[in-house]
Amino acid sequence: MKGGKGKAMNESVVIALEVYLIAFVAAFLIAVSIKAMQAVIRRIAPKKETINEGE
Amino acid sequence: MNLANLFQGVGTLFYQEPQIAVARILLIVIGILLVYLGKRGTLEPLIMIPMGFGMLAVNAGVLFFSASKTGTLFVDPLVSDTDGLMRILQIDFLQPIYTLTFSNSLIACIVFMGIGCIADVGNVLRFPFTSMLIALFAELGTIATFPIAHAMGLDYGEAASIAIVGSADGPMVLFTSLMLAPELFVPITVIAYLYLSLTYAGFPFLARLLIPKELRGIAVKTSKKNDITSGEKIAFDVIACTVLSLLFPVAAPLFLSFFLGNAIKEAGMIKYTQLIEDVFLYWATFFLGLMLGVLCEASTIMNPKVLILLVLGIVALTLSGIGGIIGGYVVYLINGRKFNPTIGIAGVSCVPSTAKIAQHEVTKANKRAVILQFAMGASICGVITSAIITGIYVSMVPML
């Protein structure tokens, strides 16, 4: 029984760590995409945009 | 004349089991208390006043449907067959709201769209790696609470749903619990919104406890070179929505809602922005609070798991706050001790509350230190990382 509970606990810890690792990778991917996107936009449109709020 | 049949709200108290009757009276008192605390501003009034009224009315307004069955005319969340649903839609006055906007997470998505509309992702684009790192550390509660919850007897779906309370994001909690633990979504979501209202009170103490005054007072230099254009912000919205939806399609409605709301604001579509902020967001917030209150019927709340959820909710939020501060310290060390670790608490994505808390604590230590820009960046990234973790849990848990 104790072994079963311990095993279930280990399993849930492993699952939690997997979730965290995937989240780290996805967040890092987003951060890299942001930098890449900014580099591309600044190359294509180097002028500063002004926001026209309109009416 | 049978008085119990005439005044059925009172009569049903004597007909039902004593535990249910006591629970009803207790929930009426709690409902009154929520209204009072909402009016005082101790808890968020936008949610607590409708929730309090819903809670007290649903527990007071119980009637006899037949000689052996009691119920209310508010909502029946358990009806699932088509004929029963069509019948109840014409009888229970909040049933259309529940069936058409609540149980399918539409209301959570509309709130998220409103959050997207008021968020400024510019701060994320200025410091993407710093903000993401802090936000990831601030997700400690959503990760660490999962095995703790499972060890306390919850299954994987329930454990993930209560762990998401650590993200301090109400729509996420509602979305996750509807997908993974529908039988517990009412207590989980009510607990989440109650605790989120209390973060304002608790997090400042956590910051003061874990960060010495001299570190809280560090002023962070900001560079004025990187002005972020609206085009960049919209491009970010498009790319992030596409990438995240590709990775986690189960949470695509949430990603669409947030990034669409933000893109509408950045595109300068004032009428749509006003519609979402002034109409949709307040409509959704009002009915969210009211529905949560009305769903707090005594028989729903009298679940032995509720006590466990009460403990785990506070564990999740506390661990997230601690994790955020750890993230702040990590960035402080990486940046050669020139970063304010208090910013870490803003990674817990209760936008904009946690960012304001961080700035308030910093100002108390050093009146000239302004860190709001970094704090808002971390907060908005917290929303994004919460959505990512929600997507992972909702995709992964059903496969376990």
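The shown structure was predicted, so the numbers you read here are calculated from the model rather than taken from an experiment.

Caption draft 1: Representation of the overall build of chain B. Tallying secondary structure elements over chain B gives 21 helices and two strands in all. What you see for chain B is a C-alpha radius of gyration of 22 Å, in line with the 21 Å of a compact globule of 400 residues. Principal axes of the C-alpha set define a box for chain B whose edges measure 80 × 40 × 40 Å. Sorting the 400 residues of chain B into buried and exposed places 56% on the buried side. A separation threshold of at least 6 residues defines the contact pool for chain B, and within that pool the share at least 24 residues apart is 74%. Of the accessible surface of chain B, which amounts to about 16,500 Å², a share of 68% is contributed by carbon and sulfur atoms. In chain B, 22 positive and 21 negative side-chain charges are present, and the distance between their average locations comes to 17 Å.

Caption draft 2: Looking closely at the pattern of salt bridges. Residue and element names in this part refer to chain B. Enumeration over the complete set of coordinates arrives at six salt bridges over all chains. For K305, the salt bridge goes to E158, with nearest N and O atoms at 3.0 Å. Linking K305 in helix α19 (residues 305-334) with E158 in helix α11 (residues 156-163), this pair joins segments that are 147 residues apart in sequence. What makes E158 buried here is its relative accessible area of 3%. With a shortest N-O distance of 3.6 Å, K265 and E266 are connected by a salt bridge. By relative accessible area, which is 25% here, K265 ends up partly exposed. What makes E266 buried here is its relative accessible area of 8%. A single network of salt bridges, built from pairs that share partners, joins D120, K233, K265 and E266.

Caption draft 3: Representation of the nonpolar core. Residues and elements named next belong to chain B. Residues F102, F236 and Y393 are the most contacted members of the largest nonpolar core, which totals 137 residues. The leading source of residues in this core is helix α21 (residues 372-396), at 15 residues. Residues in contact with F102, not counting those within four places in the same chain, are I97, I107, L174, L178, F185, L288, M291, L292 and L295.

Caption draft 4: Quick look at the packing of helix α20 (residues 353-365) of chain B against α21(B). Residue and element names in this part refer to chain B. The geometry of α20 relative to α21 is characterised by a closest axis approach of 9 Å and an angle of 150° between their N-to-C directions. Of the possible angle classes, the one that applies to α20 and α21 is roughly antiparallel. For the element pair α20 and α21, the recorded crossing hand is right-handed. Side by side, α20 and α21 meet where T354, A355, A358 and Q359 of the first sit next to L372, A375, M376 and S379 of the second.

Caption draft 5: Spotlight on helix α6 (residues 95-102) of chain B. Of all eight residues in α6(B), six are buried, a share of seventy percent or more. All buried positions along α6(B) are accounted for by B:Q95, B:I97, B:Y98, B:T99, B:T101 and B:F102.

Caption draft 6: Structural view of α20(B). Spanning 13 residues, α20(B) covers 19 Å between terminal C-alpha atoms, matching the ideal 18 Å at 1.5 Å per step. Within α20(B) the residues assigned to the buried category are B:S353, B:T354, B:A355, B:I357, B:A358, B:Q359, B:E361 and B:V362.

Caption draft 7: Main features of the side chain of B:E361. For B:E361, the position within the fold is in helix α20. Once you skip the residues sitting within four places of it in the chain, B:E361 turns out to touch B:P204, B:A207, B:R208, B:R216 and B:T342.

Caption draft 8: Region of interest: the packing of helix α7 (residues 106-118) of chain B against helix α17 (residues 270-295) of chain B. Residues and elements named next belong to chain B. Put simply, α7 and α17 touch, their axes get as near as 9 Å, and they point 140° apart. By the criterion of interaxial angle, the relationship of α7 to α17 is oblique. Here the hand of the crossing between α7 and α17 comes out left-handed. Of the residues in α17, those touching α7 at I107, I110, V111, M113, G114, C117 and I118 are T273, I276, E277, F280, L281, W283, A284, T285, F287 and L288.

Caption draft 9: The arrangement of the interface of chain A and chain B in detail. Listed as interface residues are 32 residues of chain A and, on the opposing side, 39 residues of chain B. Counting each side, the surface lost to burial between chain A and chain B is near 3,100 Å², with a carbon and sulfur contribution of 79%. Where chain A touches chain B, the interface holds one salt bridge. Note that A:R42 is salt-bridged to B:E232, the shortest N-O span being 3.2 Å.

Caption draft 10: Highlighting the confidence of the model for chain B. Residues and elements named next belong to chain B. Of all residues in chain B, 98% attain a pLDDT of 70 or more, and the chain-wide mean is 89. Within chain B, helix α10 (residues 140-151) carries the highest mean pLDDT (95), whereas helix α18 (residues 298-301) carries the lowest (78). ipTM for the predicted complex: 0.82, alongside a pTM of 0.84.

Caption draft 11: Spotlight on unusual backbone geometry. Residues and elements named next belong to chain B. Positive phi values are uncommon outside glycine, yet S105 reaches one of about 70°. One can find S105 in the loop between α6 and α7. For S105, a relative accessible area of 4% translates into the label buried.

Caption draft 12: Main features of a nonpolar patch on the surface. Residues and elements named next belong to chain B. Taken together, the side chains of L3, L6, F7, V10 and F14 make up a nonpolar region of the molecular surface, amounting to roughly 580 Å² of accessible area. Secondary-structure elements contributing two or more residues to the nonpolar patch are α1 (3-6) and α2 (8-15). Of note, L3 is situated in helix α1.

Caption draft 13: Quick look at the packing of aromatic side chains. Residues and elements named next belong to chain B. Applying the stated criterion across every chain yields a total of 17 aromatic pairs over all chains. Both rings, one in F74 and one in F93, keep their centres 5.8 Å apart while their planes meet at 65°; by these two values the pair is edge-to-face. Placement of F74 in the loop between β2 (70-71) and α5 (82-89) and of F93 in the loop between α5 and α6 is noted, with a sequence separation of 19 residues between them. Overall, F74 belongs to the buried group, its relative accessible area being 16%. For F93, a relative accessible area of 55% gives the class exposed. An aromatic cluster is defined as three or more aromatic residues linked by ring pairs; in this entry it consists of F112, F236, F258 and F259.

Thresholds applied
Residues numbered from 1 in each chain as written. Chains lettered and ligands numbered in written order. Predicted model: local features only at pLDDT ≥ 70, side-chain atom pairs only at ≥ 80, totals over all residues. Heavy atoms only, no water. Helix = DSSP H or I, 4+ residues; strand = E, 2+ residues; numbered from the N terminus. Rg over C-alpha atoms; globule rule 2.2 N^0.38 Å. Buried < 20%, exposed > 50% of the residue type's maximum accessible area, 1.4 Å probe, protein only. Contact = heavy atoms within 4.5 Å. Areas by Shrake-Rupley, 256 points an atom, 1.4 Å probe, with all protein chains shown as cover. Lys, Arg positive; Asp, Glu negative; His and termini not counted. Charge placed at Lys NZ, Arg CZ, Asp CG, Glu CD. Salt bridge = Lys/Arg side-chain N within 4 Å of Asp/Glu carboxyl O. Core = buried A, V, L, I, M, F, W, Y, C linked by side-chain atoms within 4.5 Å. Axes fitted to C-alpha atoms, helices over the stretch in contact; angles between N-to-C directions. Parallel < 35°, antiparallel > 145°, perpendicular 65-115°, else oblique. Left-handed = near helix turned anticlockwise from the far one by under 90°. Expected span 1.5 Å × (residues − 1). Buried area = accessible area lost by both parts, 1.4 Å probe. pLDDT = per-residue confidence, 0-100. Patch = residues over 30% accessible without salt bridge, like charges linked within 9 Å, V, L, I, M, F, W, Y side chains within 5 Å. Phe/Tyr/Trp six-rings, centres within 6.5 Å; stacked < 30°, edge-to-face > 60°.

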